[in-house]
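If you want the building blocks of each chain, they are given just below.
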Amino acid sequence: MKMAGVVLAGGQSSRYGQPKMFELFAGLPLYKHSLIALQKNQLQPLIIATNASLHSKFVEENVQWIIEKQPHQGPLFALHNIMTNFPEVEWFFVIASDMPFINAEFVQTMLTFIDNRYDAIVPKQASRLQPLAALYRRSALPKAQQLVQQNKRSMKVLLEQLQVCYVPFEESSTFININSQQDWLQTFERKSNNE
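Residues numbered from 1 in each chain as written. Predicted model: local features only at pLDDT ≥ 70, side-chain atom pairs only at ≥ 80, totals over all residues. Heavy atoms only, no water.

**Considering the packing of aromatic side chains**
The test is simple: Whether two aromatic rings pair depends on their centres lying within 6.5 Å, for rings of Phe, Tyr and Trp, where Trp uses its six-membered ring; planes under 30 degrees apart make the pair stacked, over 60 edge-to-face, and the rest tilted. Runs of E in the DSSP output that reach at least two residues are strands. Runs of H or I that reach at least four are helices, and both are numbered from the N terminus. Think of it in three bands: with a 1.4 Å probe and only protein chains considered, a residue is buried below 20% of the maximum accessible area for its type, exposed above 50%, and partly exposed in between. Only when the NZ atom of a Lys or the CZ atom of an Arg is both within 6 Å of the ring centre and within 35 degrees of the ring normal do we say a charge sits over the ring.
Taken as a whole and judged by the stated rule, the model has 9 aromatic pairs. With centroids separated by 4.7 Å and ring planes inclined at 70°, the aromatic side chains of Tyr 31 and Phe 58 adopt a geometry described as edge-to-face. Linking Tyr 31 in helix H1 (residues 30-39) with Phe 58 in the loop between helix H2 (52-55) and strand E5 (64-68), this pair joins segments that are 27 residues apart in sequence. Look at Phe 58 and you get buried, because its relative accessible area is 7%. In this structure an aromatic cluster arises from ring pairing among Phe 22, Tyr 31, Phe 58 and Trp 65. Just above the ring of Tyr 166 sits the side chain of Lys 124; from NZ or CZ to the centre is 5.7 Å.

**Quick notes on the side chain of Thr 50**
Our working definition: Pairs of N or O atoms are called polar contacts if they sit within 3.5 Å, as long as, within protein, a hydrogen donor faces a hydrogen acceptor (for residues adjacent in sequence, only side-chain-to-side-chain pairs). Whether two residues are in contact is decided by their heavy atoms, any of which lying within 4.5 Å being enough.
With respect to the helices and strands, Thr 50 occurs in strand E4 (residues 46-51). Looking at Thr 50, the relative accessible area reads 0%, which means it is buried. A distance of 2.8 Å separates the side chain of Thr 50 from the backbone oxygen of Ala 9, its partner in a polar contact. Dropping the residues within four chain positions of it, Thr 50 is found in contact with Ala 9, Gly 10, His 55, Phe 58, Trp 65, Ile 66, Ile 67 and Glu 68.

So, to be careful, I would describe these as geometric facts and stop short of saying anything about function.
See the structure below:
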């Protein structure tokens, strides 16, 4: 059974003011933290989904690329595009490029929940779903395709139509994401409060 690791790195970063996935955190670009977490779990192929204007800024080898023809269509559109382009892959572990505390242990934990009864395996923290740090099975493709054709953008709407295993996580810094420059300060405050 083929399991791909996917980093979503095609966002506009409009609130941030510049492409945030290349901001350095602990000496590495943000997107690299997501990529390493997937790499350490031997997921193959490793895929970076981005757009033409950002592609040349990456310095990765040994990854496959999905270059969006229509940039900034959102994660549901990206997921549909990835699944369509990799027909041999059964499961896709999708992680956003702006989550600096995602690590290999988190990925490993999520992989233990793989079961063919489910179309998706999604972390849940309190009442918050984390659809951009989740596993999606090929069986989710027909619903994703339908929503894309209807010009729907919401991952939540997709999950409502799938058989989903929700994995509860304690309150932690794992799912913190960076949207604006101010988030860095709040991130470190929240992380130190949770430790």
